[in-house]
Amino acid sequence: TMGNPIFTSLRLQNFRSFEDFAVELSPRVNIVVGPNASGKTNLLESLLVVCGHPSYRTSYDNLIKNDKQWSRMDSHGLDETRVVKLKIVNDTVIKTYEINEKPKKRLAFLETIPIVLFEPDDMRLLIGPPEVRREYFDSIIAKTSPSFLDVKSQYKRALAQRNRLLKMPDKLGRQIFAWNVRLSQLAGKLVEERLKLLQGVNKHLTKTYLRLANSSGELAVGYSTDLDVRSYESSMIKALEKSAELDLARGYTHFGPHREDYLITIEDKPAEVVASRGETRTLVLSLKLIEIKILEEVRKQKPAVLLDDVFSELDGFRRQALTKYLDDYQVIITTTDADVIQKNFAQSTNRISL
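## Considerations on the overall build of the chain
Check the secondary structure of the chain and you find ten helices and 14 strands. For 354 residues, the compact-globule formula gives about 20 Å, and the C-alpha radius of gyration of the chain, at 22 Å, lands near that figure. Looking at the chain as a whole, 52% of its 354 residues qualify as buried. Long-range pairs, those at least 24 residues apart, make up 70% of the contacts in the chain with a sequence separation of at least 6. Only carbon and sulfur atoms are counted for the fraction: they give 50% of the accessible area of the chain, which is about 17200 Å².

Given below as structure tokens:
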């Protein structure tokens with residue numbers, strides 16, 4: 001493994017709102033404080049990019065400060081230094097990495113650093129459309145399974161190809177069968193990974209929720225599909241063949257992991273129906289804490305934890321439960337009011353003012 005991923009310092013040049021900004025980080029709790037639009041979220045975003053994860057808000061070309069041609073992020077850790085450079089060449093952004101001065105075009109799976117981000121948007125997990133949940137759970141799998149993103153992009157390509165054929169009925173004939181097979185094989189792999197993740201999530205969910213909520217109830221995340229999960233691949237081939245006529249009329253592929261959903265339940269009832277606002281928050285928080293746990297189990301190192309202005313959403317009890325849980329991690333928290341957070345941590349915190 002890559003040793004301890006704790007950051008000791010960070011320097012940002014021409015990154016978003018920062019022209020040249022350097023900061024020391026403590027191995028425990030760091031509170032980034034400043035008014036809205038002072039660049040707090042940009043700071044968290046730079047850490048995601050340094051760790052080798054895509055920015056959650058935008059494409060790479062928007063990360064370079066307006067009117068500049070390049071951007072650079074340097075981070076120092078306990079046992080490594082990494083640099084990310086973004087450069088505009090002929091209107092495209094070229095991204096390069098350096099780890100301990102060794103240049104790399106892209107990071108191998110084990111060169112990425114496990115990191116977990118809590119952001120206000122996460123609260124849409126329960127009430128948002130299915131794609132919000134698909135993207136969320138898939139993003140956890142992507143951080144734990146080296147081949148997942150590759151399989152997912154192959155699936156997207158195969159799906160696009162089949163959908164293109166559906167718009168050319170005269171060409172359909174023999175070709176469609178080959179794409180049905182290809183699509184179902186890839187889909188089988190994706191769904192297998194999704195079900196494996198859910199086993200891990202469900203192992204921890206009720207217990208984690210109980211720690212945060214002080215109220216009990218059996219919680220579970222189920223996978224919602226019209227196909228048979230025990231033999232997904234063959235079930236999907238059959239469904240694609242059966243629905244060929246309908247797909248033709250619709251102009252798109254109806255069955256498959258690109259349309260499926262996750263169902264979160266409390267005592268077997270859909271959480272989005274029965275959960276109060278506070279319970280929804282606690283549930284999402286529980287899922288994020290499980291994400292930390294799963295990442296740690298798989299990657300054998302503690303992830304860094306980023307909290308983007310999430311504390312203001314929580315009441316006193318949940319704040320305390322959360323801070324207790326995060327005691328062992330390097331945490332970077334953004335807020336407009338540091339005092340609110342400070343008093344929830346027993347240990348001293350490092351304050352960074354923007």
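## Considerations on the sheet that holds strand 12 (residues 304-308)
Pairing is parallel across the open sheet formed by five strands, whose spatial order is 8-12-13-3-14. The open sheet terminates on both sides in strands that have one partner only, identified here as strand 8 (115-118) and strand 14 (350-353). Across this sheet, the average inter-strand angle for adjacent strands is 15 degrees, counted without regard to direction. Strand direction decides the pairing type here: strand 12 and strand 13 (residues 331-335), joined by four bridges, are parallel. Within strand 13, the residue paired with leucine 306 across the bridge is isoleucine 332. Relative to the sheet, helix 1 (residues 40-50) contacts strand 3 (29-33), strand 8, strand 12 and strand 13, its axis offset from that of strand 12 by approximately 155 degrees. Docked against the sheet, helix 8 (residues 277-299) engages strand 8 and strand 12, running at close to 175 degrees with respect to strand 8.

## Here's the deal with the packing of helix 8 against helix 9 (residues 316-325)
When two helices pack together, their arrangement is given by the angle between the helix axes and the distance between those axes. Two elements in contact, helix 8 and helix 9, have axes separated by 12 Å at closest approach and are oriented at 0 degrees. The angle between the axes of helix 8 and helix 9 places the two elements in the roughly parallel class. Taking contact as the criterion, the partners of Gly278, Thr282, Leu285, Leu289 and Lys293 in helix 8 are, on helix 9, Arg318, Leu322 and Tyr325. When grouped by side-chain class, the residues that make up the contact of helix 8 with helix 9 number four nonpolar, two polar and two charged.

## Some details on the sheet that holds strand 4 (residues 70-77)
Backbone hydrogen bonds are what pair the strands of a sheet, in a parallel or an antiparallel way. Strand order in the open sheet formed by six strands is 2-1-4-5-6-7, with antiparallel pairing between adjacent strands. Each edge of the sheet is formed by a strand with only one pairing partner; in this case those strands are strand 2 (18-24) and strand 7 (102-104). Across the sheet, the mean angle separating the axes of adjacent strands is 15 degrees when strand polarity is ignored. With six bridges connecting them, strand 1 (residues 7-15) and strand 2 associate as antiparallel partners. Looking across to strand 2, one finds that glutamine 13 is bridged to aspartate 20. Sitting on the sheet, helix 1 touches strand 1, strand 2, strand 4, strand 5 (81-89) and strand 6 (92-99), and the angle it makes with strand 1 is about 105 degrees.

## Digging into unusual backbone geometry
Although it is not a glycine, alanine 37 sits at a positive phi angle of roughly 65 degrees. Position of alanine 37 relative to the elements: it lies in the loop between strand 3 and helix 1. Overall, alanine 37 belongs to the exposed group, its relative accessible area being 87%. Phi at glutamate 101 takes a positive value of approximately 70 degrees, unusual for a residue other than glycine. Mapped onto the elements of the fold, glutamate 101 is located in the loop between strand 6 and strand 7.

## Focus: the pairing of strand 1
The buried fraction of strand 1 amounts to seven of the nine residues, a majority that puts the element mostly inside the structure. As judged from the six bridges shared by strand 1 and strand 4, these two strands associate in the antiparallel manner. Bridge pairing links glutamine 13 to arginine 72 in strand 4. Turn length for the strand 1-strand 2 hairpin, with the two strands adjacent in sequence and antiparallel, is two residues, and the turn residue arginine 16 shows positive phi of about 50 degrees.

## Some remarks on helix 4 (residues 169-213)
Counted at 1.5 Å a residue, the expected span for helix 4 with its 45 residues is 66 Å, but the 55 Å between its end C-alpha atoms falls short. The sharpest bend along helix 4 comes to roughly 60 degrees, located at glutamine 175.

## Let's talk about the environment of aspartate 315
By the secondary structure assignment, aspartate 315 is in the loop between strand 12 and helix 9. Of the residues examined, aspartate 315 reaches a relative accessible area of 37% and is grouped as partly exposed. In sequence terms aspartate 315 and glycine 278 are 37 residues apart; their C-alpha atoms lie 8.6 Å from each other. In terms of polar contacts, aspartate 315 uses its side chain to reach the side chain of arginine 318, at 2.6 Å.

## Re the side chain of asparagine 180
Here asparagine 180 lies in helix 4. Among the polar contacts listed, one links the side chain of asparagine 180 to the side chain of arginine 162, at a separation of 2.7 Å. Apart from residues no more than four positions distant in its own chain, asparagine 180 is found in contact with Arg162, Ile237, Leu240 and Glu241.

## Structural notes on the nonpolar core
With 69 residues, the main nonpolar core has Phe118, Phe137, Val221, Leu287, Leu307 and Leu326 as its most contacted residues. Apart from residues lying up to four places away in sequence, valine 221 is in contact with Phe137, Leu198, Val201, Asn202, Leu205, Tyr262, Leu263, Ile264 and Leu287. Formed by 31 residues, the second largest nonpolar core is a distinct cluster that contains Phe18, Leu48, Leu86 and Leu107.

Definitions and limits used
Residues numbered from 1 in each chain as written. Predicted model: local features only at pLDDT ≥ 70, side-chain atom pairs only at ≥ 80, totals over all residues. Heavy atoms only, no water. Helix = DSSP H or I, 4+ residues; strand = E, 2+ residues; numbered from the N terminus. Rg over C-alpha atoms; globule rule 2.2 N^0.38 Å. Buried < 20%, exposed > 50% of the residue type's maximum accessible area, 1.4 Å probe, protein only. Contact = heavy atoms within 4.5 Å. Areas by Shrake-Rupley, 256 points an atom, 1.4 Å probe, with all protein chains shown as cover. Pairing = 2+ DSSP bridges. Axes fitted to C-alpha atoms, helices over the stretch in contact; angles between N-to-C directions. Parallel < 35°, antiparallel > 145°, perpendicular 65-115°, else oblique. Nonpolar A, V, L, I, M, F, W, Y, C, P; charged D, E, K, R; others polar. Expected span 1.5 Å × (residues − 1). Bend = angle between axes of the 7 residues up to and from the residue. Polar contact = N/O pair within 3.5 Å; in protein donor to acceptor, adjacent residues only side chain to side chain. Core = buried A, V, L, I, M, F, W, Y, C linked by side-chain atoms within 4.5 Å.

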